[in-house]
Amino acid sequence: FREQPIFSTRAHVFQIDPNTKKNWVPTSKHAVTVSYFYDSTRNVYRIISLDGSKAIINSTITPNMTFTKTSQKFGQWADSRANTVYGLGFSSEHHLSKFAEKFQEFKEAARIAKEKSHEKMELTSTPSQESAGGDIQSPLTPESINGTDDERAMPEVTQNSEPRAEPTQNALPFTHSSTISKHWEAELATLKGNNAKLTAALLESTANVKQWKQQLAAYQEEAERLHKRVTELECVSSQANAVHTHKTELNQTIQELETTLKKKEEEIEGLKQEIENARELQAQRDSLTQKLQEVEIRNKDLEGQLSDLEQRLEKSQNEQEAFRNNLKTLLEILDGKIFELTELRDNLAKLIECS
């Protein structure tokens, strides 16, 4: 076949999330073989990896590509034409360094080949269709096209090969109690405003009552004076008719004063009712203040419970992290053993071919 593997290693394969462009999405459940292939007919170098019968990496190396080591065991490169970024997590730093050296070597070889074949650039930039009956050593697809990584930003990764996003924690009890507290505070503020208005109206009404009492006392004094005057006039027989007429007028005046007094007394009763309502509002305000204090006490209790839950959650996360680290250590050991078996198998295959 015109395209043969020239270097192989094993690694966990990732691709950047096409939606967020930040998070890594694993494309293999375990470490798989990642190989460099060389097409001698077209002088093309490609990185290919299979997970069963599915090609999870099919990337042509171009002179403008760059392989970046983002941690001791993780590296990545961008394939802008395929609109993705590939990431590889290795079992050791040595395997990562070896893969990066090969990437640089084959990228330089691709650059030299491109300089020597300017006239055939358009033909060599796109992989050709492989025959349908090809061997598994030629897992090529015509849709795979690669490009530079200058158009894409490299996402950050952690020192481990599988970055994970931690879930955010919700504090529903605290939020609910805060909402209740804000509701009671708003009602209390409204009642305070109404109470201030009623207090001002009460003060004004009290002042008016005092003024009306003074006027009423003056009217009563005037009425008594008029009664005395009527008595004096009745004593004068010579002026009986004039006194009678004046008495009638005075009686009418007294009736008018009594009507006015009755109205003032009704207004005083209305003001007393308003004062009583103000007292009821004051009692409601005191009740709401007590409820608000109870809500604040409950908030403190809920905050204590939330703090306890956060501590328990942190402890659980620490235990899970320790368990995950142990699993990663076992996986690294297992990957190393599998890699050694793969190398042994490749050596045996070579010995068989040579024999």
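Because the structure is predicted, anything quoted here is derived from the model rather than measured.

Reading guide: rules and limits
Residues numbered from 1 in each chain as written. Predicted model: local features only at pLDDT ≥ 70, side-chain atom pairs only at ≥ 80, totals over all residues. Heavy atoms only, no water. Helix = DSSP H or I, 4+ residues; strand = E, 2+ residues; numbered from the N terminus. Buried < 20%, exposed > 50% of the residue type's maximum accessible area, 1.4 Å probe, protein only. Contact = heavy atoms within 4.5 Å. Areas by Shrake-Rupley, 256 points an atom, 1.4 Å probe, with all protein chains shown as cover. Pairing = 2+ DSSP bridges. Core = buried A, V, L, I, M, F, W, Y, C linked by side-chain atoms within 4.5 Å. Patch = residues over 30% accessible without salt bridge, like charges linked within 9 Å, V, L, I, M, F, W, Y side chains within 5 Å. Salt bridge = Lys/Arg side-chain N within 4 Å of Asp/Glu carboxyl O. Phe/Tyr/Trp six-rings, centres within 6.5 Å; stacked < 30°, edge-to-face > 60°. Lys, Arg positive; Asp, Glu negative; His and termini not counted. Charge placed at Lys NZ, Arg CZ, Asp CG, Glu CD. pLDDT = per-residue confidence, 0-100.

Caption draft 1: Region of interest: the overall build of the chain. Broken down by element type, the chain carries four helices and eight strands. Its helices and strands taken in sequence order, the chain reads β-β-β-β-β-β-β-β-α-α-α-α from the N to the C terminus. The buried share among the 355 residues of the chain stands at 30%. In the chain, the share of contacts with a sequence separation of at least 24, taken over all contacts with a separation of at least 6, comes to 66%. Of the roughly 23400 Å² of accessible surface on the chain, a fraction of 52% belongs to carbon and sulfur atoms.

Caption draft 2: Structural view of the pairing of strand 8 (residues 84–89). The buried count for strand 8 comes to six of six residues, which makes it a mostly enclosed element. Burial along strand 8 is two-sided: the residues Thr84, Tyr86 and Leu88 and Val85, Gly87 and Gly89 are all buried. Relative to strand 8, strand 1 (residues 3–16) is paired through four bridges, and the arrangement is antiparallel. Paired with glutamine 15 across the strands is tyrosine 86, a residue of strand 8. As paired strands, strand 7 (residues 74–79) and strand 8 are joined by six bridges and run antiparallel to one another. In the sheet register, tryptophan 77 faces strand 8, and the bridge partner there is tyrosine 86. The antiparallel pairing of strand 7 with strand 8 creates a hairpin that spans four residues between the two strands, and asparagine 83 there sits at a positive phi of about 60°.

Caption draft 3: Quick peek at the pairing of strand 4 (residues 44–51). For strand 4, the tally of buried residues reaches six of eight residues, placing the bulk of the element in the interior. Sheet topology places strand 3 (residues 32–39) next to strand 4; six bridges connect them, and they run antiparallel. Counted as the bridge partner of tyrosine 36 is isoleucine 47 from strand 4. Between the end of strand 3 and the start of strand 4, which pair antiparallel, lie four residues, with asparagine 43 showing a positive phi angle near 55°. In the sheet, strand 4 pairs with strand 5 (residues 54–60) via six bridges, with the strands oriented antiparallel. Bridge pairing in strand 5 links isoleucine 47 to serine 59. The turn linking strand 4 back onto strand 5 is made up of two residues, and glycine 52 within it adopts a positive phi angle of 75°.

Caption draft 4: Examining the nonpolar core more closely. In terms of nonpolar packing, the biggest core is built from 23 residues, with Tyr36, Ile47, Ile57, Trp77, Leu88 and Phe99 touching the most fellow members. Contributions of two or more residues to this core are made by strand 1, strand 3, strand 4, strand 5, strand 8 and helix 1 (93–116). Per-element tally for this core: the top contributor is helix 1, with six residues. Sequence-distant contacts of isoleucine 57, that is, excluding residues within four places in its chain, are made with Val13, Ile47, Ile48, Ser49, Trp77, Tyr86 and Leu88. Phe14, Trp24, Phe74 and Ala78 belong to the second largest nonpolar core, which has six residues in total.

Caption draft 5: Here's a closer look at a nonpolar patch on the surface. A cluster of nonpolar side chains, namely Phe323, Leu327, Leu330 and Ile333, defines an oily patch on the protein surface of about 410 Å² accessible area. What makes leucine 327 partly exposed here is its relative accessible area of 39%.

Caption draft 6: Main features of the packing of aromatic side chains. Counting across every chain of the model gives 14 aromatic pairs. The interplanar angle of 35° and the centroid separation of 4.6 Å between the aromatic rings of tyrosine 38 and tyrosine 45 together place this pair among those described as tilted. Their ring planes at 40° and their centres at 5.5 Å tell us that phenylalanine 67 and phenylalanine 103 sit as a pair that is tilted. Here phenylalanine 67, found in the loop between strand 5 and strand 6 (68–69), pairs with phenylalanine 103, found in helix 1; they are 36 residues apart in sequence, far enough to count as distant. For phenylalanine 67, a relative accessible area of 13% translates into the label buried.

Caption draft 7: Region of the structure containing a negative patch on the surface. A grouping of Glu265, Glu266, Glu267 and Glu269 is seen on the molecular surface, where their side chains present a negatively charged patch. Relative to the elements of secondary structure, glutamate 267 occurs in helix 4 (residues 240–354). Judged by relative accessible area, which is 36%, glutamate 267 ranks as partly exposed.

Caption draft 8: Seen up close, the confidence of the model for the chain. Model confidence for the chain is summarised by a mean pLDDT of 78, while 77% of its residues fall at 70 or above. When mean pLDDT is taken per element in the chain, strand 6 scores highest with 95 and helix 2 (residues 121–124) scores lowest with 47. Note on residues 123–177: pLDDT under 50 across the span, and 111 contacts to partners over four residues away in sequence or across chains.

Caption draft 9: Representation of the pattern of salt bridges in the model. Under the counting rule described, the total for this entry stands at nine salt bridges. Salt-bridge contacts for arginine 225 lead to glutamate 222; the nearest nitrogen and oxygen are separated by 2.4 Å. Linking arginine 225 with glutamate 222, this pair stays in helix 3 (residues 172–235), spanning three residues, or about one helical turn. Accessibility expressed as a relative area gives 31% for glutamate 222, which makes it partly exposed. Salt bridges sharing partners connect three or more residues here, namely Glu108, Arg111 and Glu115.

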